[in-house]
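# Analysis of the macromolecular model
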Amino acid sequence: MPGTRSQYKAKTAAAKLDAPTIEGIVNYIKKNDVKRIIVMSGAGISTDSGIPDFRSKGTGLYDNLQKFNLPYAEAIFDIDYFMEKPEPFYALAKELYPGKYYPTKTHYFIRLLHEKGMLLRNFTQNIDTLERLAGLDEDLIVEAHGSFATASCVECKNVADPAQVKKKVLKGEVARCSSCDGLIKPDITFFGQNLPKRFFKRLHDFSEADLLIVIGTSLQVQPFASLIDDVPDYVPRLLINKEKAGDHHTSHSGFDFKWKYGKKRDALFLGDCNEGVQKFAELMGWKDDLESLYNKEHAKLKSIWEAETLAEKVEKEHEAEEEEKQIEKETKSEDEKQHKEIEALAKVLEEKLHIPSDPQESKDRSNATSSSK
Ligand code: APR
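What comes next is a walk through the structure. (Residues numbered from 1 in each chain as written. Predicted model: local features only at pLDDT ≥ 70, side-chain atom pairs only at ≥ 80, totals over all residues. Heavy atoms only, no water.)

## Regarding the side chain of Asp-266
- Its location among the elements puts Asp-266 in strand 9 (residues 266-270).
- Judged by its relative accessible area of 1%, Asp-266 falls in the buried class.
- A distance of 2.7 Å separates the side chain of Asp-266 from the backbone nitrogen of Asp-256, its partner in a polar contact.
- Discounting chain neighbours no more than four positions away, the residues touching Asp-266 are Leu-17, Pro-20, Arg-237, Gly-254, Phe-255, Asp-256, Phe-257 and Trp-259. (Helix = DSSP H or I, 4+ residues; strand = E, 2+ residues; numbered from the N terminus. Buried < 20%, exposed > 50% of the residue type's maximum accessible area, 1.4 Å probe, protein only. Polar contact = N/O pair within 3.5 Å; in protein donor to acceptor, adjacent residues only side chain to side chain. Contact = heavy atoms within 4.5 Å.)

Take a look at the structure:
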């Protein structure tokens, strides 16, 4: 229900930060009852886990795809190119498949916002599912570009078994649909495809937000990038990123970190996102909460994965032993079969050509023949 003009004026007046910094944002939070924060995140929050982002010079994925001989870098996520040549994407998927990358401190910071009762939603562009792995309930996440969590046939849309798809991908094989033999693709939004329905269903969250935090994204891809302008213009916005992003040069859209147009609402932390969220947590008095959440959850996940790896190793050894036993059994039965065949052949020879199959008998015979001459 829209408010009145005076309510709007009061809110706009209240939205003045005292500085375009994380300190300015935290002071604002402490003075106002901020409870509905939207976090918009990108590949920059996963680089510390070992997953490259897309556009960082030199290290970004798009600078390291030469081996796939693509017509252009983003072809690896282009639906038409995938239909023609699925192999490059599958090879990349093998490198990026979830199950060996840990959530970063930034992922746990987003979870901590929820635990403090202040997170409305996390809109992420990332497909690595690290937000889920960090323990965020999927209702709090909008995976704007889909994710590896599910997979389906590009032809008949048949839902594929994610475990089977993962097995194929990790073996370097292209998965095909069991009912129509079409190509199976993880439900990642490729260029040329629509964003998931959930993205559009949750867009109204931005009208309800009372703070926007944008972390680890170059804000190059639409329609995600322009979401920063979807929060009411009295809502403060914080960018935590290694480089400036989203600062268009018009007064009505994009970040205005210099407050040139009068709205003292945008703040910037230029640097590593883990350092930025750590500073935010310290200023909020949550330093120990973030540390202990991260350390506890990271250790838990590490022990689960180590146990799984050990179990897989034991299973592989067991399978190898079984295989060996089977080969032994088959060789033995092969030997027995051959032995029987030789015996049968010897019998035939003995009957047809009177050649005794037993060497001793033939010796006795030849002695007997020679002595009778
Ligand atoms: N701390 C802070 N910022 C970082 C860090 C870090 N540790 N690492 C990288 N960054 C910043 C980079 O400087 C860059 O501005 O994160 C941003 C990552 O930008 P991109 O590589 O463009 O990734 P993203 O914005 O998520 O890409 C959006 O593009 O190709 C599509 O679908 C793909 O979802 C992806 C979309």
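## Focus on the packing of aromatic side chains
- Summed over the entire model, instances satisfying the criterion amount to 18 aromatic pairs.
- Each ring, one from Phe-77 and one from Phe-190, has its centre 5.9 Å from the other, and the planes form 90 degrees; the classification is edge-to-face. Within this pair, whereas Phe-77 is found in the loop between strand 1 (37-41) and helix 3 (79-84), its partner Phe-190 is found in the loop between strand 6 (184-188) and helix 8 (197-201), the two being separated by 113 residues in sequence.
- What makes Phe-77 buried here is its relative accessible area of 6%.
- Taking 5.1 Å as the distance between ring centres and 70 degrees as the angle between the ring planes, the aromatic pair formed by Phe-109 and Phe-280 counts as edge-to-face. (Phe/Tyr/Trp six-rings, centres within 6.5 Å; stacked < 30°, edge-to-face > 60°.)

## Comments concerning helix 11 (residues 287-353)
- With 67 residues, helix 11 ought to run about 99 Å at 1.5 Å a step, and its terminal C-alpha atoms sit 97 Å apart, in line with that.
- Taken together, the buried positions of helix 11 are occupied by Leu-290, Leu-293, Tyr-294, Glu-297, Leu-301, Trp-305 and Ala-346.
- Contacts made by the buried residues of helix 11 are with helix 5 (105-115), helix 6 (130-133) and helix 10 (273-284).
- His-354 lies just past helix 11 and shows a positive phi near 50 degrees. (Expected span 1.5 Å × (residues − 1).)

## Considering the pairing of strand 8 (residues 237-241)
- Where burial is concerned, most of strand 8 is hidden: five out of the five residues are buried.
- Neither face of strand 8 is open: one carries Arg-237, Leu-239 and Asn-241, the other Leu-238 and Ile-240, and all of them are buried.
- Pairing of strand 7 (residues 211-215) with strand 8 involves four bridges; the strand directions are parallel. Counted as the bridge partner of Val-214 is Leu-239 from strand 8. (Pairing = 2+ DSSP bridges.)

## Some remarks on the sheet that holds strand 4 (residues 146-153)
- If you walk across this open sheet you meet the three strands as 5-4-6, and the pairing is antiparallel. Edge positions in the open sheet fall to strand 5 (159-160) and strand 6, since each of these has one partner strand only.
- Where strand 4 and strand 5 come together, two bridges link them in antiparallel fashion. By the bridge assignment, Ala-151 is partnered in strand 5 with Ala-160.

## A word on the pattern of salt bridges
- Tallied over the entire structure, the rule returns 25 salt bridges.
- Across the pair Asp-139 and Arg-121 runs a salt bridge, and its minimum N-O distance is 3.6 Å. Taken together, the positions of Asp-139 in the loop between helix 6 and strand 3 (141-143) and Arg-121 in strand 2 (residues 119-124) put the pair 18 residues apart, joining distant regions of the chain.
- According to the relative accessible area criterion, Asp-139 is partly exposed, its value standing at 44%.
- Classification of Arg-121 by relative accessible area gives buried; the value is 6%.
- Between Lys-296 and Glu-297 there is a salt bridge; the shortest N-O distance is 2.9 Å.
- Take Glu-297: its relative accessible area is 7%, and that puts it in the buried class. (Salt bridge = Lys/Arg side-chain N within 4 Å of Asp/Glu carboxyl O.)

## Concerning the site of the ligand
- For the ligand, the set of nearby residues contains 22 residues, the closest of which are Arg-55, Tyr-62, Thr-217, Ser-218 and Glu-243.
- Within the contact set of the ligand, an oxygen atom lies 2.7 Å away from a side-chain nitrogen or oxygen of Ser-218.
- When atom positions are compared with the pocket grids, the ligand is found to occupy the largest pocket.
- Per-class residue counts for the shell around the ligand are six nonpolar, eleven polar and five charged. (Near = heavy atom within 4 Å. 1 Å grid on protein atoms, 1.4 Å probe; cavity = no way out; pocket = protein on both sides within 12 Å on 5 of 7 lines; lining within 4 Å. Sits in = over half its atoms within 2 Å of the grid points. Nonpolar A, V, L, I, M, F, W, Y, C, P; charged D, E, K, R; others polar.)

## Focus: a negative patch on the surface
- A cluster of acidic residues, Glu-308, Glu-312, Glu-315, Glu-319, Glu-321, Glu-323, Glu-324 and Glu-328, forms a negative patch at the surface.
- Turning to its location among the elements, Glu-323 is positioned in helix 11. (Patch = residues over 30% accessible without salt bridge, like charges linked within 9 Å, V, L, I, M, F, W, Y side chains within 5 Å. Areas by Shrake-Rupley, 256 points an atom, 1.4 Å probe, with all protein chains shown as cover. Lys, Arg positive; Asp, Glu negative; His and termini not counted. Charge placed at Lys NZ, Arg CZ, Asp CG, Glu CD.)

## Thoughts on a nonpolar patch on the surface
- Side chains of Leu-345, Leu-349 and Leu-353 sit close together on the surface and give an oily, nonpolar patch of about 290 Å² of accessible area.
- Mapped onto the secondary structure, Leu-353 falls in helix 11.
- On the basis of relative accessible area, Leu-353 is assigned to the exposed category, the value being 51%.

## What about the layout of surface pockets?
- If you add up the space inside the largest pocket, you get close to 930 Å³.
- In terms of lining residues, the largest pocket is bounded by 45 residues, among which Gly-42, Ala-43, Asp-53, Phe-54 and Arg-55 are the most central.
- Among the elements of the structure, strand 8 and helix 10 are those that each provide at least two residues to the lining of the largest pocket.
- Taken together, the residues of the lining of the largest pocket sort by class into 18 nonpolar, 19 polar and eight charged.
- Considering the residues around the second largest pocket, the lining is formed by 20 residues, among which Pro-98, Lys-166, Lys-167, Leu-170 and Glu-312 are closest to the centre.
- Those elements that place two or more of their residues in the lining of the second largest pocket are strand 4, helix 7 (162-170) and helix 11.
- In terms of residues, the lining of the second largest pocket owes the most to one element, helix 11, which gives seven residues.
- Here the lining of the second largest pocket is built from residues that sort into eight nonpolar, three polar and nine charged. (Points joined across faces, edges and corners; volume = space filled by probe spheres on them.)

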